[in-house]
Amino acid sequence: MTMVAEEPQGPPVELSVFSGPLDLLLHLIKQNEVSIYDIPIFSICDQFNAHLKAMQELDLDSAGDFLWMASWLLHLKSKMLLPQVDQGAEDPREELVERLLAYRRVKELASFLHDSDIVRRCLWVPEVAADVDAEREQELDWEDVDLRVLAQAYLDVMQKFAASHPPPIKVLPLRFRVEDKMKDIYELVRSDGLVPLLRHLNSRSDPVEVVTVMVAALELVRLRGVFAEQRSPFAEIYLRPGDRSLGAKELLIRGENGG
Amino acid sequence: MDKDTLTAVVEAILLTASGPVTVPAVMEAIDDRKVGEDEVAAIFEAIGENLERPDSGLRLEKVAGGWRCTTPPNLDPYLRSFHGIAARQRLSQAALEVLAIVAHRQPVTLPEMNFIRGTNSASVVRTLLDRGLLRMAGRKKVVGKPFLYRTSKDFLVHFGLERAEDLPDPEEMLKDETATVE
């Protein structure tokens, strides 16, 4: 195993410049000029931890990944300390090496994409008027279809369906019947002689009941069972007995047809 | 249709198309049985070669299985100044790594990307989906049924590739690197 005598000089690099713990590890390996296949775990582990400690603010999202790597390195360090009983046993570092190699390939390809991106973002293409696209039926290559496009299409269809199929209007059972109210008001007018209609309406909290009472009063007026009087605009409306007496039959019949 | 008209038609299509133009698409547009695919392909090549000169501000390139009209990269500063556009946003290192993983191993799941990168890539993947460089392509039939991701056509166009397989082999690139060092 190669040993690194001295800690590298200079302040540790900010962790945020590394895209992950593997990136930092590759950086340390390169900086120490050691082989990826023979990583000096003791020294690398210490340097890795030094970088972690130097972090003033640990971004919680990525901190976990770095801490996990630190614990793995410690684990490897402890394994390396144990005497090797079996000569044919696997090198404990093997998995780490494989992860690093896989990541290095990705980094290599990413740097190729980076260079390509630098040049290719400088290319411009003809700006085609959007109305040309709007005129023709949108056709998608199956290559362009991804699950999100499908999900969006599904949502669009469901939205159209919902728009053309509005929820049914709920018809609540009638709690107040015009004929009942007619009977009530008629009897009230007969017994009291004079009934203030607006005060009567205002004392009802349920708008449905207010409407029912109003319709019932109008119906009674139409049948001349009661008369309505108002002295001036917006003044109280008084109901008093009309010039016809309504039989229970008439009230009931009206009620059954009307309401 | 004679060759001059065909060339003119192809040029006009290239100028007005919103994406890469394929040979079959041109064949369908001209609807002339006497014109063969080879002929149309040769026209594209000829137009491309003809534009490949310093006094031309137009270029033709073959991407994503088709041809598209574009500009030489060195003219970018003038075009940005003309259109009043600041430098376009670069892709982050994390985004490039995710793209590299997907391009190289597609279809691939998020947990696989996380494992290779050694860090969480969820937000990067979401950004790349929004930018249209990645697309979802089904679910993997394993526990949790994670989504599978592939690179999109826009990815090929942006990086000037005909197919995702045209990306260099990272092993080869590393070999080249060590060869130059030694």
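This is a predicted model, so every value here is computed, not measured.

The subject of this paragraph is the overall build of chain A. Within chain A, the regular secondary structure consists of ten helices and three strands. When the helices and strands of chain A are read in sequence order from the N terminus, they spell out α-α-α-α-α-α-α-β-α-α-β-β-α. The proportion of buried residues among the 259 residues of chain A is 20%. Of all intrachain contacts in chain A linking residues separated by at least 6 positions in sequence, the fraction that spans at least 24 positions is 67%.

Across its full length, chain B carries nine helices and five strands. Helices and strands appear in chain B in the N-to-C order α-α-α-β-β-α-α-β-α-α-β-β-α-α. Put simply, chain B has 182 residues, and 30% of those count as buried. Considering only contacts within chain B whose residues lie at least 6 apart along the sequence, 52% involve residues at least 24 apart.

So, on to helix H7 (residues 122–130) of chain B. Residues and elements named next belong to chain B. The complete set of buried residues in H7 reads Val124, Val125 and Leu128. Buried residues of H7, seen end-on, are gathered within an arc of 100° and therefore sit on one face of the element. Turned more than 90 degrees away from the buried face of H7, the exposed residues are Ala122, Ser123, Arg126 and Asp130. Structurally, H7 contributes buried residues whose contacts are with helix H5 (93–105), helix H6 (110–117), strand E4 (134–139) and strand E5 (147–151). The positive-phi residue at the C-terminal boundary of H7 is Gly132, with phi of around 80°.

With respect to the helices, strands and loops of the structure, Phe147(B) is situated in strand E5. Between the alpha carbons of Phe147(B) and Thr109(B) there is a distance of 5.8 Å; along the sequence they are 38 residues apart. Residues in contact with Phe147(B), not counting those within four places in the same chain, are Leu147(A), Thr109(B), Leu110(B), Met136(B) and Arg139(B).

Right, let's talk about the packing of helix H4 (residues 94–120) of chain A against H5(B) for a bit. Interhelical geometry of H4(A) versus H5(B) gives an angle of 110° and a closest axis separation of 8 Å. Here H5(B) runs roughly perpendicular to H4(A), going by the angle between their axes. The interaxial crossing formed by H4(A) with H5(B) has right-handed handedness. Counting all contacts with H4(A), which are made through Val106(A), Lys107(A), Leu109(A), Ala110(A), Leu113(A) and His114(A), the residues of H5(B) involved are Gln93(B), Leu96(B), Glu97(B), Leu99(B), Ala100(B), Ile101(B) and His104(B). For the contact of H4(A) with H5(B), a count of residues per class yields eight nonpolar, three polar and two charged.

With 42 residues of chain B at the interface, the matching set in chain A holds 38 residues. Elements that contribute at least two residues to the side of chain B that touches chain A include exactly helix H1 (3–16), strand E2 (66–70), helix H4 (76–83), H5, H6, E4, helix H8 (153–159) and helix H9 (170–181) of chain B. Residue contributions to the side of chain B that touches chain A peak at eight residues, all from H5(B). Here the side of chain B that touches chain A is built from residues that sort into 21 nonpolar, twelve polar and nine charged.

Residue and element names in this part refer to chain B. The three strands are arranged E3-E5-E4 in an open sheet whose pairing can be described as antiparallel. Looking at the sheet topology across the chains shown, the edges are occupied by strand E3 (108–109) and E4. Examined bridge by bridge, E3 and E5 share two bridges and lie antiparallel to one another. Looking at E5, one finds that Thr109 is bridged to Leu148.

Bringing unusual backbone geometry into the picture now. Residue Pro107(B) is reached from Gln106(B) by a cis peptide bond, and omega for that bond is 0°. Along the chain, Pro107(B) falls in the loop between H5 and E3. Even without being a glycine, Glu33(A) presents a positive backbone phi close to 55°. One can find Glu33(A) in the loop between helix H1 (21–32) and helix H2 (41–54). Look at Glu33(A) and you get exposed, because 8 C-beta atoms sit within 10 Å. Even without being glycine, Phe234(A) reaches a positive phi, approximately 70°. Among the residues examined, Phe234(A) registers 7 C-beta atoms within 10 Å and is labelled exposed.

It is worth spelling out the packing of H1(A) against H2(A) at this point. Helix-helix packing is described using two parameters, namely the angle between the two axes and the distance between the axes. Residue and element names in this part refer to chain A. H2 packs onto H1 with a crossing angle of 125° between their chain directions and a minimal axis gap of 10 Å. Taken together, the axes of H1 and H2 lie oblique to each other. In the packing of H1 onto H2, the handedness of the crossing is right-handed. Residues Leu24, Leu25 and Leu28 of H1 form the contact with H2, whose own contacting residues are Ile44, Gln47, Phe48 and His51.

Quick look at the confidence of the model for chain B now. All names here are of chain B. Mean pLDDT over chain B works out to 88, with 96% of the residues at or above the 70 mark. Confidence, read as mean pLDDT per element, is least for H9 in chain B (64) and greatest for E3 (94). At the level of chain-chain contacts, confidence expressed as ipTM amounts to 0.80, with global pTM at 0.64.

Residue and element names in this part refer to chain A. Across the sheet, which stays open at both edges, the three strands sit in the order E1-E3-E2 with antiparallel pairing between neighbours. Every interior strand has two partners, whereas the edge strands, strand E1 (195–196) and strand E2 (226–230), have only one. Here five bridges tie E2 to strand E3 (residues 237–241), and the two strands are oriented antiparallel to one another. In the sheet register, Gln230 faces E3, and the bridge partner there is Ile237. The strands that helix H7 (residues 178–192) touches are E1, E2 and E3; relative to E3, the one it contacts most, it runs at about 80°.

Before going further, it helps to spend a moment on the nonpolar core. In this structure, Ala95(B), Val98(B), Leu99(B), Ala100(B), Ile101(B), Val102(B) and Leu128(B) are the most contacted members of the largest nonpolar core, which totals 49 residues. Examining the composition of this core, we find that nine residues originate from one element, H5(B), more than from any other. Each residue touching Val98(B), except ones within four places of it in the same chain, is listed here: Met113(B), Ser121(B), Val124(B), Val125(B) and Leu128(B). Residues Val178(A), Val195(A), Leu197(A) and Ala217(A) belong to the second largest nonpolar core, which totals 14 residues.

Conventions used here
- Residues numbered from 1 in each chain as written.
- Chains lettered and ligands numbered in written order.
- Predicted model: local features only at pLDDT ≥ 70, side-chain atom pairs only at ≥ 80, totals over all residues.
- Helix = DSSP H or I, 4+ residues; strand = E, 2+ residues; numbered from the N terminus.
- Buried ≥ 20, exposed ≤ 12 C-beta atoms within 10 Å, placed from the backbone.
- Contact = placed C-beta atoms within 7 Å.
- Arc of directions from axis to C-beta.
- Axes fitted to C-alpha atoms, helices over the stretch in contact; angles between N-to-C directions.
- Parallel < 35°, antiparallel > 145°, perpendicular 65-115°, else oblique.
- Left-handed = near helix turned anticlockwise from the far one by under 90°.
- Nonpolar A, V, L, I, M, F, W, Y, C, P; charged D, E, K, R; others polar.
- Pairing = 2+ DSSP bridges.
- pLDDT = per-residue confidence, 0-100.
- Core = buried A, V, L, I, M, F, W, Y, C linked by C-beta atoms within 7 Å.

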